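As a plain string of letters, each chain reads:
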Amino acid sequence: MAERLVFMDLTGPEIDALDREKTVFVLTLSPLEVHGPHLPMGTDVWVAEEVRDRALTKAARRNPDLGFVVLPSFCVGSDTIPGSVEVDSRAVNLLLRGIAGFLARRGFRYLLVVDNHGGPRHQIATAKAVRRLYRERGFHIVAPFLSFYRRMVELDPDLLSRLGAGPGACGDAQDCHAGLNETSLMLRAHPEKVRASWKELARVSINPRRWPGILLGFVGRLARELGGEEVGKDLSYIGLMLCWVTESRPSNYIGEPRAASPEAGERMLDAFSDEVVARLEAALRGEPPYHTPLGWTLRLLEPSR
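Here the structure is a predicted model, which means the values were calculated and not measured.

(A) A look at the packing of aromatic side chains. By the definition in use, this model includes 7 aromatic pairs. Note on F7 and F25: the rings are 6.4 Å apart at their centroids and 70° apart in plane angle, and the pair reads as edge-to-face. Remark: F25 occurs in strand β2 (residues 23-30) and F7 occurs in the loop between β1 (3-6) and α1 (12-16); sequence separation between them is 18 residues. Classification of F7 as buried rests on a relative accessible area of 18%. Look at F25 and you get buried, because its relative accessible area is 0%. Between F7 and F102 the ring centres are 6.0 Å apart and the planes differ by 80°, which places this aromatic pair in the edge-to-face class.

Structural data, given as structure tokens:
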């Protein structure tokens, strides 16, 4: 069985003695964020850690010659909802570049980043770090949530079939925060941390008829008519998110928590951890680790380089 080490327990010489080709460093990266009245601030971090542990177990079974070194979890994230710990997206980018640079200078090749936060600039900053390290050093930052979250929001048919879920119940735009999906994840991963009020929380939906949705939706449709399908989708998505967070008193959850279940959480955790393994194995085969997160066509609005 593959070895799993804790980075903070190792000495410098012990790190340098690890196999460069078969050692994968692993970290979780998610913000401390308000998740309704029923889920704690650490929800994203704890979910990411659960996915990490499941994915490493699966990856070790499939690749027993690999070694894993687990870094501490980083409670950092941008584009959080009001009332949360907000960090500039450049900090996300620089953090990943700093850790990856440390590893690349020592000849290592792989950093697996497990995340559970869909903030647009957070994801774009991560994707920029991925591309920069691969372009400049041939180093793989593998960040599967960039692709997995897109599958959730765009209602990927294969994912929906696996989850046995439909729109508004799979972590998509109308279930994007502390709703059915994330409540289910926590009911499966950390049920002791979920407040009893989850059973009483009815559906809250984003109102798409507010000015950001109308304006950016119109521009998005125009972009599609002119051949810009991706930028059109990104504009419409950002407009919908802005409809929510620009309200005078935005809800601190979106979706229907009371419809959650541990079984739904198990299916999502299983699917997400499989995505992590698939993306890691693609990097090990030498495939570029590039991802195209939601909002990528608008990446100039995110200040990281």
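The discussion continues.
(B) Spotlight on the packing of helix α5 (residues 145-153) against helix α10 (residues 262-284). Taken N-terminus to C-terminus, the directions of α5 and α10 make an angle of 135°; their axes are 10 Å apart at the nearest point. Looking at the two axes, α5 sits oblique to α10. Judged by the sense of rotation from one axis to the other, the crossing of α5 with α10 is right-handed. Together, F145, S147, F148, R151 and M152 of α5 and M268, A271, F272, E275 and R279 of α10 make up the contact between the two elements. A breakdown of the residues in the contact of α5 with α10 according to their chemical character gives 6 nonpolar, 1 polar and 3 charged.

(C) The arrangement of the pairing of β2 in detail. For β2, the tally of buried residues reaches 8 of 8 residues, placing the bulk of the element in the interior. The alternating pattern of β2 places T23, F25, L27 and L29 and V24, V26, T28 and S30 on opposite faces, both of which are buried. In this sheet, strand β3 (residues 67-70) lies alongside β2 in parallel orientation, the contact comprising 4 bridges. In the strand pairing of β3, F25 is matched with V69. In this fold, β2 hands off to helix α2 (residues 43-62), which returns the chain to β3; that crossover is right-handed. Here β2 runs beside strand β4 (residues 74-75); their pairing, made up of 2 bridges, is parallel. Counted as the bridge partner of S30 is C75 from β4.

(D) Broad picture of the pattern of salt bridges. The final tally for this structure, using the stated rule, is 29 salt bridges. A salt bridge links E21 to R109; the shortest N-O distance between them is 2.7 Å. Of this pair, E21 sits in the loop between α1 and β2 while R109 is found in the loop between α3 (89-105) and β5 (110-115), placing the two residues 88 residues apart along the sequence. Measuring nitrogen to oxygen at the nearest pair gives 2.7 Å for the salt bridge that ties E230 to R150. Linking E230 in helix α9 (residues 229-245) with R150 in helix α5, this pair joins segments that are 80 residues apart in sequence. When its relative accessible area of 33% is taken as the criterion, E230 is described as partly exposed.

Conventions and cut-offs
Along each chain, the written sequence defines residue order, and numbers are assigned to residues from 1. In view of the model being predicted, local features appear only for residues whose pLDDT reaches at least 70, and side-chain atom pairs are presented and counted only at 80 or more, with totals across whole chains, interfaces and linings using the full set of residues. Here the side-chain values reflect all heavy atoms present in the structure, with hydrogen atoms and water set aside. For Phe, Tyr and Trp, where Trp contributes only its six-membered ring, two rings pair if their centres lie within 6.5 Å, and the inter-plane angle classes them as stacked under 30 degrees, edge-to-face over 60, or tilted in between. Secondary structure elements follow DSSP: runs of H or I no shorter than four residues count as helices, runs of E no shorter than two count as strands, and numbering proceeds from the N terminus. Using a 1.4 Å probe on the protein chains alone, a residue whose accessible area is under 20% of its type maximum counts as buried, one over 50% counts as exposed, and one in between counts as partly exposed. The axes used here are C-alpha line fits, helices contributing only the stretch in contact, and every angle between their N-to-C directions lies in the interval 0 to 180 degrees. Roughly parallel refers to an angle under 35 degrees, roughly antiparallel to one over 145, roughly perpendicular to one between 65 and 115, and oblique to any angle outside these ranges. Note on convention: the crossing is left-handed when the near helix lies turned anticlockwise from the far helix by less than a right angle, right-handed when the turn is clockwise. In what follows, residue pairs with any heavy atoms lying within 4.5 Å of each other are defined as contacts. When residues are sorted by character, Ala, Val, Leu, Ile, Met, Phe, Trp, Tyr, Cys and Pro go into the nonpolar class, Asp, Glu, Lys and Arg into the charged class, and all the rest, Gly among them, into the polar class. Only when DSSP finds a minimum of two bridges between them are two strands counted as paired. Look down the strands so they point away from you; if going from the first strand over the helix to the second traces a clockwise path, that crossover is right-handed. A carboxyl oxygen of Asp or Glu within 4 Å of a side-chain nitrogen of Lys or Arg is what we treat as a salt bridge.

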